[in-house]
Each structure stands twice: as structure tokens, then as C-alpha cells.
Amino acid sequence: MKPETEQRLGTLEVLLEEEIRYSLPCHEDGATLKPYAWDATIKGEFTPLNLIKSEGWIIETDPEVAFENWLWPEHNGLASSLIHLYNKDPKKILDEHTKNQRYQQYSNLLKLLTKKIKKLQAFSFSYNSHYSLSVIVGRVPDSQRWICLSSTVPQETPKFINNLIHCSPYKEEKKSNLEAEKLSNIEKTINNMIKELGEIMIYGYYDGGYNHFHHHSIVLASGGSQEEAINNALLKSGLVEIYKVEKFMIQGDGGRGFSVDDRDFDQDNVTNLIKFLNTMFPKLLLYRFCFWDYEHLYILGETDDSQQDSSASWVGVAIHSQFTYNP
């Protein structure tokens, strides 16, 4: 770790010696802010996918397993096996005929990918056993372009971006190469098959007045490499979101944000932390990783000492917090 990176990490460790807690909407237990550093001299380039790898949230699997992962929410009408409904609306659950029809559509898509796409691989992303997201990635024949298919992520936590942390979009995903003029026939076919599948409604936490629904669909992204295609798919799916931090709120709507009601809350500690982050990092980014009911937030700034290197180190704080279902 380079000296400036180590120095800034050390300062954050001092600022967080006294516990600072943070509450997201419907996260009744809250979470403790932790210092975090990405040491590029050891871990290489910082990307969402590389962070996921470093945290151990990815494993390689089979395309058939990914296929079943995509189908499970449709056939069960649920975001997770943890959800138990007492009052299902039959109109919001697929009937057997529709399930069989969509199963065949998915089967045709998988057969096409297996037959036509080169270097086909599948990966599963998961933080715990209650939820996982699967992707299928491969290279387009006679092309340097890669494509990646993913299901969308049901985000159980109510909206908090710009309610608790004022942000602006950062590096919005460029238009997919699938919208370019020169499309291969295989890409056109895959795109059309996904459009025909469309989206369906599935239940999140619903009973007890929560009334959460989610839209489930398959998305398609592309890139010049396998990693770029996967990164773009994770952004499109909602597992990853990236924002430029504009302003921290001490407390937002509903008393969420920094836990000012805690007995040991000291606003000076929070003020000093925010001042340090804003002063040291003119460009402060928020990386959100959402695994259904679990949120992992990394608020990071790039260290100056790595500006001449191909890979920059990053320092900041991490928040790991789970939605509380308490009907």
C-alpha cells in the first residue's frame, strides 16, 4: 500500500474509532460504518466485478443452473424463498399454461446460446443463501464483442438515493452495442427473444402492510471483453449502481441516515467524517451492491498517489445492512 493511501486509511480508522451507525429505510437494526481501502498494488484495477470477486460473492456455475435461477422467481412468484405469503392474488401468479409457455421460451433461448455463442460461461452472484443472481456470458461469433444476459434484481429496500445521500448518476451506461447498425443475426435473434419474454410481476415482502412487488425480466448487455460485458449486465440488472456523491444528509425522511437517536451519537464525529471525505476526495463515488434485501454501500475516493499508475487505489467507508421484515 502506497504512503498516501495508507495515511488516508489511517485517518478514517481514527475517525471511526467511536462507532458511527447508519440506518437505511426499513433497516431497523442499522449498520456500522467501516473504513475500507482498495489497494491497487495488490488487487489491481478497481471495478465493480473485481470488488465482487475480492469479497467472494461470485462462483462459476453451469448455464443450466443459471437457467433454473431465472425461472425460479417466475414459477414461484417470489423474490426469495424466505418470503411466505398468506394472501396471494391469483391474478398476479402465472397459471400453468403460461409457466409452460415461458419455460419453452427460456429453453429455446438457452439452446440458442449453447449452440451459437462462443466461450459460453455462467456465473452466480450471492452474498448469502437466501438470494442469488445468475448471468450467462459469451463471445459473439466472428466478433470481438461479448454479450451477457442477466435477470433483474428485486431491490427490497425503499428508495434512499437522493433522500439520504444526494447523488448524480456517474458514467451512465452507454447505449448497448446491440443498438448499433451492424448487428449479427444471432444478436438480433437473442434480443427479440428477450423482448418477447417481457417482464412479469413477482412478490417481495407483501404481508403486514409492506405490499412490495418487483418486476422480473432478462436484460442483455455487451462489451469489448468478458469482464466489461458482465460489468454492464450487473449495472443493467440493478445489482450494481454507481453515483457521484454531491451531499451527505445527517438525517433524512423518517429519521433515517446517521443514527442521531443513538445514546452515544456525537454529531461532531459525523461532521468530521463528512468534512474529511469531502476535503480529501473531490470526486467521491457511491457504489451500491444490492442482493435483494441486503445492501452493500461503498463510498470511495481515489487516492492522488496513484494518478500516474494504470490502476488507482481507493479509500472510504463501507456500509453493510439488511432489510428488516417486521410485520
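Here is a short report on the structure shown in this document. For clarity, every value in this text was computed on a predicted model and none was experimentally measured.

1. A short note on unusual backbone geometry
For step 1, the next point in the chain: A positive phi is found at Lys119, a non-glycine position, where the angle reads about 50°.
For step 2, the next point in the chain: On the secondary structure map, Lys119 appears in strand E5 (residues 118–128).
For step 3, the next point in the chain: Residue class for Lys119 comes out exposed when judged on its relative accessible area of 56%.
For step 4, the next point in the chain: Positioned with a positive phi, Asn211 is a non-glycine residue whose angle comes to about 55°.
For step 5, the next point in the chain: Within the secondary structure layout, Asn211 lies in the loop between strand E9 (199–203) and strand E10 (213–223).
For step 6, the next point in the chain: For Asn211, a relative accessible area of 46% puts it in the partly exposed group.

2. A closer look at empty space enclosed by the protein
For step 1, the next point in the chain: Summed over the entire model, instances satisfying the criterion amount to 1 cavity of 30 Å³ or more.
For step 2, the next point in the chain: Surrounding the largest cavity, Tyr22, Leu33, Ile165, Phe248, Phe258, Leu273, Ile274, Leu277, Ile299, Val317 and Ile319 form its lining.
For step 3, the next point in the chain: Only helix H8 (267–280) and strand E15 (314–322) provide two or more residues apiece to the lining of the largest cavity.
For step 4, the next point in the chain: It is H8 that contributes the most residues to the lining of the largest cavity, 3 residues altogether.
For step 5, the next point in the chain: Here the lining of the largest cavity is composed, by residue class, of 11 nonpolar, no polar and no charged.

3. Points about the packing of aromatic side chains
For step 1, the next point in the chain: Inspection of every chain in the model, using the stated rule, returns 21 aromatic pairs.
For step 2, the next point in the chain: A centroid spacing of 4.9 Å and a plane angle of 70° characterise the contact between Tyr36 and Tyr298, whose relative ring orientation is edge-to-face. Linking Tyr36 in strand E3 (residues 34–38) with Tyr298 in strand E14 (residues 294–302), this pair joins segments that are 262 residues apart in sequence. No difference in accessibility class separates Tyr36 from Tyr298, as the two residues are buried.
For step 3, the next point in the chain: Three or more aromatic residues link up through ring pairs in this structure, and these residues are Tyr36, Trp57, Tyr127, Phe289, Phe291, Tyr294 and Tyr298.

4. Quick look at the packing of helix H1 (residues 3–15) against H8
For step 1, the next point in the chain: The N-to-C vectors of H1 and H8 enclose an angle of 165°; their axes lie 10 Å apart at closest approach. Viewed along their axes, H1 and H8 adopt a mutual orientation that is roughly antiparallel. Viewed along their axes, H1 and H8 form a crossing whose handedness is left-handed. Listed contacts from H8 to Arg8, Thr11, Leu12 and Leu15 of H1 are Asn272, Leu273, Phe276, Leu277 and Met280.
For step 2, the next point in the chain: Of the residues in the contact of H1 with H8, the class split is 6 nonpolar, 2 polar and 1 charged.

5. Focus: the sheet that holds E10
For step 1, the next point in the chain: Spatial strand order, E4-E5-E6-E7-E10-E9: 6 strands in an open sheet with antiparallel pairing. Each edge of the open sheet is held by one strand with a lone partner, namely strand E4 (58–61) and E9. With strand direction ignored, the average angle separating the axes of adjacent strands in the sheet is 25°.
For step 2, the next point in the chain: Where E4 lies against E5, 4 bridges are found, and the strand directions are antiparallel. Bridge pairing in E5 places Ile59 opposite Ser124.
For step 3, the next point in the chain: Helix-sheet contacts for helix H4 (residues 63–76) involve E4, E5, strand E6 (131–139), strand E7 (146–151), E9 and E10, and the interaxial angle to E6 is about 135°.

6. Things to note about the sheet that holds strand E12 (residues 257–258)
For step 1, the next point in the chain: As summarised here, the arrangement of the 3 strands in space is E2-E1-E12, forming an open sheet in which the pairing is antiparallel. Among the strands making up the open sheet, the edge pair consists of strand E2 (31–32) and E12.
For step 2, the next point in the chain: Two strands pair when backbone bridges link them, and strand E1 (residues 21–23) and E12 are joined in this way by 2 bridges, in the antiparallel orientation. Residue pairing in the sheet places Ser23 in a bridge with Gly257 of E12.

7. Overview of the pattern of salt bridges
For step 1, the next point in the chain: Applying the stated criterion to the full structure yields 7 salt bridges.
For step 2, the next point in the chain: In this structure, Lys99 and Glu96 form a salt bridge, with 3.5 Å as the shortest nitrogen-oxygen distance. Taken together, the residues Lys99 and Glu96, both in helix H5 (residues 96–116) and 3 residues apart, mark about one turn of the helix.
For step 3, the next point in the chain: Looking at Glu96, the relative accessible area reads 52%, which means it is exposed.
For step 4, the next point in the chain: Arg288 is the salt-bridge partner of Glu295, the closest N and O atoms lying 2.7 Å from each other.
For step 5, the next point in the chain: Residue classification places Arg288 among the buried residues on the basis of a relative accessible area of 5%.
For step 6, the next point in the chain: Because the salt bridges share partners, they merge into one network encompassing Glu241, Arg288 and Glu295.

Conventions we followed
- Residue numbering note: each chain is counted from 1, following its sequence as written.
- Whole-chain, interface and lining totals are the exception, using all residues; otherwise, since this is a predicted model, local features are given only for residues with pLDDT of at least 70 and side-chain atom pairs are given and counted only at 80 or more.
- Hydrogens are left out, water is left out, and the side-chain values use all remaining heavy atoms of the structure.
- Helix and strand definitions here come from DSSP, where helices need a minimum of 4 consecutive H or I residues and strands a minimum of 2 consecutive E residues; each element is numbered from the N-terminal end.
- The buried label applies to any residue whose accessible area, calculated with a 1.4 Å probe on protein chains only, is under 20% of its type's maximum; exposed applies above 50%, and partly exposed to all values in between.
- The distinction between a cavity and a pocket rests on a 1 Å grid over the protein atoms alone: a 1.4 Å probe fits inside a cavity but cannot get out, while a pocket stays open yet meets protein on both sides within 12 Å along at least five of seven lines, and a residue with an atom within 4 Å of a point counts as lining.
- Grid points are joined across faces, edges and corners, and a volume is the space filled by probe spheres set on the points.
- We call Asp, Glu, Lys and Arg charged. Ala, Val, Leu, Ile, Met, Phe, Trp, Tyr, Cys and Pro are nonpolar, and the rest, Gly among them, are polar.
- Put simply, two rings from Phe, Tyr or Trp (the six-membered ring, in Trp's case) pair if the centres are within 6.5 Å, and we call them stacked under 30 degrees between planes, edge-to-face over 60, tilted for the rest.
- Throughout, an axis means a line fitted to C-alpha atoms (over the contacting stretch in the case of helices), and angles, computed between N-to-C directions, take values from 0 to 180 degrees.
- Between 65 and 115 degrees an angle is taken as roughly perpendicular, under 35 as roughly parallel, over 145 as roughly antiparallel, and anywhere else as oblique.
- Whether a crossing is left-handed or right-handed is set by the direction in which the near helix is turned from the far one by less than a right angle, anticlockwise for left-handed and clockwise for right-handed.
- Contacts are residue-level and defined by heavy atoms, with any inter-residue pair within 4.5 Å sufficient.
- Any two strands with at least two DSSP-identified bridges between them are counted as paired.
- Salt bridge, as used here: a side-chain nitrogen of Lys or Arg that lies within 4 Å of a carboxyl oxygen of Asp or Glu.

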